[in-house]
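# Reading the structure
Listed below, chain by chain, are the residues.
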Amino acid sequence: MSAIQIRPATREDVTRIFEMIVELAVYEKAPDEVKTNPDQLELALFGDDPKAFSLICEVDGEMAGYAIYFYNFSTWLGQYGIFLEDLYITPKFRGCGAGKALLKHLAQKAVAENCGRFEWNVLDWNKPAIDFYESFEAKPQSEWVGYRLTGDALKLFATE
């Protein structure tokens, strides 16, 4: 049985986290969508006032994956929540419990910090991930449709 350890990411992990972000983008068929770089990632995660946080999953002492998350707020619950932006396990370590360990760690963090929700998104074609999430009773939120403003549309709207 493999030894799985979850720990907070450090500045020394940034390059490998960035490499795994690119691997995730390739898996999600969107490699050209990665606009960040290791320096920008380091500033976001470890700068003076970070708003996003990262965990590392190690299996037998080897980095197997990462999670990046941030806090959101529910006005209906009157509580903060944790939003999982990325969860990635390298192919070599899939199926050994590493992904579940990361999710469980964040669920425990949410409970310990009195968060009312632990949420994430999954692409509708990613059946292995959907099956995995539903195996521990996570439920899709099909009644909500996400919207996003980015790039020039965001800038134009902000200045109108």
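Quick summary incoming for the structure in this document. Quantities reported herein were computed from a predicted structural model and do not represent experimental measurements. (Residues numbered from 1 in each chain as written. Predicted model: local features only at pLDDT ≥ 70, side-chain atom pairs only at ≥ 80, totals over all residues. Heavy atoms only, no water.)

## Overview of the side chain of T90
Defined as follows: Secondary structure elements follow DSSP: runs of H or I of four or more residues count as helices, runs of E of two or more count as strands, with numbering from the N terminus. Residues are treated as being in contact if the distance between any of their heavy atoms lies within 4.5 Å.
If you trace the backbone, T90 turns up in the loop between β4 (79-89) and α3 (98-112). If we ignore the near neighbours within four places in the chain, the residues touching T90 are R16, M20, E23 and A64.

## Some remarks on unusual backbone geometry
Under the convention used in this document: Throughout, exposure labels follow a simple rule: accessible area from a 1.4 Å probe, protein chains only, divided by the maximum for the residue type, with under 20% read as buried, over 50% as exposed, and the rest as partly exposed.
Phi is positive for N114, close to 55°, though the residue is something other than glycine. When you line up the elements, N114 lands in the loop between α3 and β5 (117-120). Taking relative accessible area as the criterion, N114 reaches 53% and is therefore assigned exposed.

## Observations concerning the sheet that holds β5
Spelled out, the test is: If DSSP finds at least two bridges between two strands, the strands pair. With axes taken as lines fitted to C-alpha atoms, and helix axes fitted only over the stretch in contact, angles between N-to-C directions fall between 0 and 180 degrees.
If you trace the five strands from one edge of the open sheet to the other, you get β1-β2-β3-β4-β5, paired in mixed fashion. The open sheet has two edge strands, β1 (4-8) and β5, and neither has a second partner. Averaged over all pairs of adjacent strands, the angle between strand axes in this sheet comes to 30°, irrespective of strand direction. The sheet contact formed by strand β3 (residues 62-74) and β4 spans ten bridges and is antiparallel. The residue of β4 that forms the bridge with I68 is D86. Taken strand by strand, α3 contacts β1, β2 (53-59), β3, β4 and β5, and its axis lies near 165° from that of β4.

## Quick word on the pattern of salt bridges
Pairing between side chains becomes possible if they bear opposite charge and their charged atoms approach one another. Put simply, the rule reads: Here a salt bridge means any side-chain nitrogen of Lys or Arg lying within 4 Å of a carboxyl oxygen belonging to Asp or Glu.
Counted by the stated rule, this structure contains nine salt bridges. Measuring nitrogen to oxygen at the nearest pair gives 2.7 Å for the salt bridge that ties R7 to D13. One exposure class covers both R7 and D13, and it is buried. Here E19 ties to R16 by a salt bridge, and the two come within 3.3 Å at their closest N and O atoms. A residue pair is termed a helical-turn pair when its members lie 3 or 4 positions apart in one helix, as E19 and R16 do in helix α1 (residues 14-27) at three residues. The exposure class of E19 is partly exposed, given its relative accessible area of 38%.

## Quick notes on the side chain of N126
Put simply, the rule reads: As used in this structure description, the phrase polar contact means that two N or O atoms lie within 3.5 Å; if the pair is within protein, one of them must be able to donate a hydrogen and the other to accept it, and residues adjacent in sequence are counted only when both atoms belong to side chains.
Mapping N126 onto the fold places it in the loop between β5 and α4 (127-134). Engagement of the side chain of N126 in a polar contact is seen with the side chain of Y27, the distance being 3.2 Å.

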